[in-house]
Amino acid sequence: MAGENMINRQCGIRWRVLIAVVAGGLAGSAALAQEDTDDGGFKAGIGLHFDRDDNIYDSSTEEIKSWIMRISPDLSLSSAPGKRQFSLQYIGDYGKFDGSESDNDYTDHSLEGRALLQVGSRGSLDISAMLEQGHDRRGTNLTQGLPPGSPLFPDEPDEFERVDWEVAYTHGREGARGRVSFSIGENALEYDNNRIRTEFFDRDDKFATAGLTIGLQERTSFVVEAGYTSTDYAVDRPEGVSLDGENWSFLLGVTWEATARTEGSVRIGTERRNFDNPDQTGERLFSWDVAVRWFPRNHSYFDISTSRSNEETIAGGAYIDRARYGIRWTHEWAIGVESELGWSRRDDDFIGASRKQDESEYYFGLRLPQGNRLIWEAGVTRRDRGTCLLYTSPS
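Only a predicted model underlies this, so the values are computations on that prediction, with no experimental measurement involved.

What counts and how
What you see as residue numbers is a count from 1 along each chain, following the sequence as written. pLDDT decides what is reported in this predicted model: residues at 70 or higher carry local features, side-chain atom pairs at 80 or more are listed and counted, and totals for whole chains, interfaces and linings draw on all residues regardless. The side-chain quantities take in all heavy atoms of the structure and omit both hydrogens and water. In DSSP terms, a helix is any run of H or I states spanning at least four residues, a strand is any run of E spanning at least two, and both are numbered starting from the N terminus. Classification of residues uses two cut-offs on accessible area relative to the type maximum, computed with a 1.4 Å probe and protein chains only: under 20% is buried, over 50% is exposed, and between them is partly exposed. Note on contacts: a residue pair qualifies if any of its non-hydrogen atoms lie within 4.5 Å across the two residues. Working definition of accessibility: Shrake-Rupley area with a 1.4 Å probe, residue cover restricted to the visible protein chains. Patch members must show over 30% relative accessible area and no salt bridge, and they are joined within 9 Å when carrying like charges or within 5 Å when they are nonpolar side chains of Val, Leu, Ile, Met, Phe, Trp or Tyr. Here a salt bridge means any side-chain nitrogen of Lys or Arg lying within 4 Å of a carboxyl oxygen belonging to Asp or Glu. Here the positive residues are Lys and Arg and the negative ones are Asp and Glu; neither His nor the chain ends is included. Just so you know, the charge point we use is NZ for Lys, CZ for Arg, CG for Asp and CD for Glu. Note: two strands are recorded as paired if DSSP finds a minimum of 2 bridges between them. Stacked, tilted and edge-to-face are the three classes assigned to paired rings of Phe, Tyr and Trp, where Trp is represented by its six-membered ring and a pair needs centres within 6.5 Å; plane angles under 30 degrees give stacked, over 60 edge-to-face, the rest tilted. By definition here, charges over rings are those cases where NZ of Lys or CZ of Arg is within 6 Å of the ring centre and within 35 degrees of the ring normal. As used here, the term nonpolar core means buried Ala, Val, Leu, Ile, Met, Phe, Trp, Tyr and Cys residues forming a set that is joined through side-chain atoms within 4.5 Å.

Caption draft 1: The arrangement of the overall build of the protein chain in detail. Assigned secondary structure in the protein chain consists of 1 helix and 18 strands. With 395 residues in all, the protein chain has 39% of them scored as buried. Here the contacts in the protein chain between residues at least 6 apart in sequence split such that 55% fall between residues at least 24 apart. Working note: accessible area of the protein chain is about 21400 Å², and carbon and sulfur atoms make up 55% of it.

The structure is reproduced here in structure tokens:
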């Protein structure tokens, strides 16, 4: 008889204070997330974050607290709007923990370039590339669930390099009756340290997509999208199993632009994972991608989202069947303060392994802009993760 055995549950609370200082009218930074509508040029901004985390390793057995100071510079250079637009952006994230936890200090960088070119009277070509040097905090991703006292727990965070590029072509003007789009690209991931464990997760994903949009009404369209991804791992798993393979996806649905109350998209379809190794079997799943914004008032809105898709595994099994759910309420109060209340959940089913996992996050935050160059933010986040093992009871 099959059943479930709860092996651990981790939770943690993070308090955050953010001071975002903006120079040169920067918009679109990681801290501000505002729309940039000016004529290009050079812009610079910086975010100062002060976090208090009461379980930095998301551990169920050893909850370790720490203050974390983060500095996040954001520099961008862009051309003026026109038939040819170019942009270059650097985002940094420098984190420093309490003295006793200084092994967790990190320095992350990302550099992204983009070119948007008009092709003829109806076509547009979007070319982008990104180089990222980042890290996974200990107790997350590949070290998820490992207690800090375990001999397997790493001495430093996993560090990686990621190189992404994409070329996308769209034929048809915005608002036209019909539009078609195509894209190709690549995502390459390579870990830099802790190689005894991380070398098995270096991979190269090559992808291609195609889409068709047909206008139904003035602001509503029918969409069809198809995608293909080929995944190649640099090293087979220790047991000699190869996870190289391909993933096919197909979605159809509707999108609608801002009406009196809502905007968003609803797409449903199917996804299939195949493996080069004949001993590995993939499955077809029912997939979806839903994102809706509802405006009950002009100064208040709700974001509702859910999706289901295949993801690469971070532990055992061949891949992850992942479902996401989330809701967020944003309200602008008369005193100029903006509040945000949110909940999100992620359910992971490790296909080919006796493991299931759920993660939930609750967030409340306040945001106070002061002019165009200074923003104050404060918030609290509660995280909760549970892991279950499937077993077969003796009859």
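Caption draft 2: Representation of a negative patch on the surface within the structure. Among the surface-exposed residues, D103, D155, E156, E159, E161, E190 and D192 lie close enough to one another that they form a single negatively charged patch. Within the secondary structure, E159 is located in strand β7 (residues 158–171).

Caption draft 3: View of the pairing of strand β16 (residues 338–351). With 14 bridges joining them, strand β15 (residues 319–332) and β16 adopt antiparallel strand pairing. By the bridge assignment for β16, G326 is matched with S344. Hairpin connection from β15 to β16: 5 residues lie between these consecutive antiparallel strands, with G336 at a positive phi of about 95°. Sheet topology places β16 next to strand β17 (residues 355–370); 13 bridges connect them, and they run antiparallel. Looking at the pairing, E338 lines up with R367 of β17.

Caption draft 4: Highlighting the packing of aromatic side chains. Within this structure, the stated rule accounts for 8 aromatic pairs. Taking 6.0 Å as the distance between ring centres and 70° as the angle between the ring planes, the aromatic pair formed by F160 and Y191 counts as edge-to-face. In this pair, F160 sits in strand β7 while Y191 sits in strand β8 (residues 178–191), placing the two residues 31 residues apart along the sequence. In this structure an aromatic cluster arises from ring pairing among W294, F302 and W329. In this structure, R237 packs its charged tip against the face of F201, placed 4.6 Å from the ring centre. The aromatic ring of Y233 is capped on one face by R237, whose charged end is 5.6 Å from the ring centroid.

Caption draft 5: Representation of the pattern of salt bridges in the model. Scanning the model with the defined rule gives 26 salt bridges in all. With its nearest N and O atoms 2.8 Å apart, the salt bridge here joins D303 to R328. In this pair, D303 sits in strand β14 (residues 300–311) while R328 sits in strand β15, placing the two residues 25 residues apart along the sequence. For D303, a relative accessible area of 14% puts it in the buried group. Linking R367 and E377 is a salt bridge whose minimum nitrogen-to-oxygen distance equals 3.3 Å. In this pair, R367 sits in strand β17 while E377 sits in strand β18 (residues 374–392), placing the two residues 10 residues apart along the sequence. Accessibility classification places R367 together with E377 in one group, the buried group.

Caption draft 6: Up close: the nonpolar core. By size, the foremost hydrophobic cluster in this structure holds 9 residues: L142, F160, L189, Y191, F200, F201, I314, I320 and F350. Those residues within four positions of F350 in sequence are excluded, and the remaining contacts are T313, I314, A315, G316, Y319, I320, R355 and Q357.

Caption draft 7: Expanded view of unusual backbone geometry. If you check the backbone angles, D58 has positive phi at about 50° while not being a glycine. As for its position among the elements, D58 is in the loop between β2 (41–53) and β3 (66–78). The backbone phi angle of N141 is positive, close to 50°, even though this residue is not glycine. Using a relative accessible area of 25% as the deciding quantity, one classes N141 as partly exposed.

Caption draft 8: Structural context of a nonpolar patch on the surface. Residues L212, I214, L216, F250, L252, V254, V266, I268 and F286 make up a contiguous nonpolar surface patch of roughly 680 Å² in combined accessible area. Broken down by secondary-structure element, the contributors of at least two residues to the nonpolar patch are β9 (203–215), β11 (245–256) and β12 (262–275). Of all the elements, β11 adds the most residues to the nonpolar patch, at 3 residues. Relative to the assigned elements, L212 resides in strand β9. Under the relative-accessibility criterion, L212 is labelled partly exposed at 35%.

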